[in-house]
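A structural walkthrough
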Amino acid sequence: MLLPAEVETITARVPRNATLDSLLRQHELAVGLVDAAVKSVSGVFNPRSLRAERPYRLVRSVDGLLREFEYQIDADNFLRIFNPDHKRPGELQAAVVPIEKQTEVAAVRGSIGGETTSLIAALDGAGEKIQLALALADVFSGSIDFNSDLQPGDEFEVVFEKSTHAGEFAGYGAILGARFVADGREHQAFRWTDPSTAKAAYYDENGRSMRRFFLKSPLRFEPRITSGFSLRRKHPVHGGFRAHLGVDYGAPYGSAVVSVAGGVVVSAGWAGGGGKQVRIRHASGYESYYLHLSRFGSGIRAGARVSQGEVIGYVGATGTATGPHLDYRLRKNGVFVNPRVEHGRLPPGEPIAGVHLAAFRERVGQLQGRMATVLAESAHAKPDAVKASVPNQ
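As a starting point, this report considers the structure included with it.

Let us look at unusual backbone geometry. Despite not being glycine, Ser-284 has its phi angle at roughly 65°, a positive value. As for its position among the elements, Ser-284 is in the loop between β17 (276-281) and β18 (286-296).

What follows is the structure in structure tokens.
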């Protein structure tokens, strides 16, 4: 009876500029096995698309035979190359396999002020990642302008799904419920799946949709308002007083700019002093303008349909500009209006159908109670976060 050859296991991270071919060759596999391994992934993975610093694991025998190779493609999948029959070392197979994760529900609270002057900084201080900040900002994007509404003393609480793999962070799932006090006003949001459509969305505590006709801002958050809507403003380049028919957001060069509502692109091109500009027509007589862009988003051209929150360009300083910023304008029935005032006039979102309202309120009660409980428990554990068990919805 033949005993299996002694094996060694190598765990490491992909070096810069590596391909699958070059990575396997550096481990001195037997002649022909590298070619067989690369050939085996054809149709399931591009062997030239390895990314630096991604983890991998290689199992080989001391005589250079490949037993198994695993490479983490992303947070959800890994590539596996294996030999199903050790008697035929050159017959390798490959598959993209889902990563097994452990998902649990966690809760975190934070506040704005001191060293945590932004949502990103506040969640980072609580031990969470920027992805959670982006998701939370998206939930409240119709009711809070994270570029201008946040003030010292604002606070938030959020219950969310969090996944781990082998003890390491592996991504976030859905936000289940959240409470945010911004500029003295309390906002609540809860995730609810409509039984008739199986689609999930966010609603306030009264069952009204968190999705508004317009987003509060065309930038996700972090930038600041540097100049507001005015009929008489001193021009920073030309001098003298002129009307400024939009809101200027100071933002890092290349920041993503999103459409505040669904619509059709009227134009995407050069607009004189406005530089590279996108103009979008929306329902109810509204048009939005985005000026001084560095470049346009993928597929953004006249006639293209865009959805609310879709990236339509990136912050720049084209045209007449003293630095990178976004000049955002809104026109209603042919007249430019103050975007911040107009957004505040829009009615709340559509409510949950009455037939489902009792079930929704029961769900809200569950999440509010659980949020209060786990956050109270967190005071005796980690100051700002705790894990909990909450039934999924």
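Here the focus is the pattern of salt bridges. Considering all chains together, one arrives at 19 salt bridges under this definition. As a salt-bridge pair, Glu-157 and Arg-109 come within 3.6 Å of each other at their nearest N and O atoms. Note that Glu-157 is positioned in strand β7 (residues 155-165) and Arg-109 in strand β6 (residues 102-111), a separation of 48 residues in sequence. Judged by relative accessible area, Glu-157 falls into the buried class, the value being 17%. You can call Arg-109 partly exposed: its relative accessible area is 29%. For the salt bridge of Glu-155 with Arg-179, the shortest nitrogen-to-oxygen distance reads 3.5 Å. Taken together, the positions of Glu-155 in strand β7 and Arg-179 in strand β8 (residues 168-182) put the pair 24 residues apart, joining distant regions of the chain.

Here we take up the sheet that holds strand β2 (residues 55-61). Read from one edge to the other, the open sheet built from five strands follows the order β1-β2-β3-β4-β5, with strand pairing classed as antiparallel. For this open sheet the edge positions go to β1 (7-13) and β5 (93-98), each flanked by a neighbour on one side alone. The average angle at which neighbouring strand axes cross in this sheet is 15°, direction not considered. Summarising the sheet, strand β4 (residues 77-82) and β5 pair through six bridges and their orientation is antiparallel. Residue pairing for β5: Phe-82 is matched across the bridge by Gln-93.

Moving on: helix α4 (residues 130-139). Among the residues of α4, Leu-132, Ala-133, Leu-136, Ala-137 and Val-139 are the ones counted as buried. Projected onto a plane normal to the axis of α4, the buried residues spread over an arc of 155° and lie on a single side. Residues of α4 that are buried make contact with β6, α3 (119-125), β7, β8, β9 (185-193) and β10 (200-203).

The next subject is the pairing of β18. Of all 11 residues making up β18, nine are buried, and the element is well covered by its neighbours. Bridging between β17 and β18 involves five bridges; their strand directions are antiparallel. The partner of Ile-280 across the bridge, within β18, is Ser-288. Between β17 and β18, which follow one another and run antiparallel, lie four residues, and Ser-284 among them has a positive phi close to 65°. Where β18 meets strand β21 (residues 325-332), six bridges bridge the pair, whose relative direction is antiparallel. Within β21, the residue paired with Ser-288 across the bridge is Leu-330. Examined bridge by bridge, β18 and strand β20 (residues 311-315) share three bridges and lie antiparallel to one another. Across the sheet, the residue bridging to Phe-296 is Gly-313, located in β20.

Conventions we followed
- Residues numbered from 1 in each chain as written.
- Predicted model: local features only at pLDDT ≥ 70, side-chain atom pairs only at ≥ 80, totals over all residues.
- Heavy atoms only, no water.
- Helix = DSSP H or I, 4+ residues; strand = E, 2+ residues; numbered from the N terminus.
- Salt bridge = Lys/Arg side-chain N within 4 Å of Asp/Glu carboxyl O.
- Buried < 20%, exposed > 50% of the residue type's maximum accessible area, 1.4 Å probe, protein only.
- Pairing = 2+ DSSP bridges.
- Axes fitted to C-alpha atoms, helices over the stretch in contact; angles between N-to-C directions.
- Arc of directions from axis to C-beta.
- Contact = heavy atoms within 4.5 Å.

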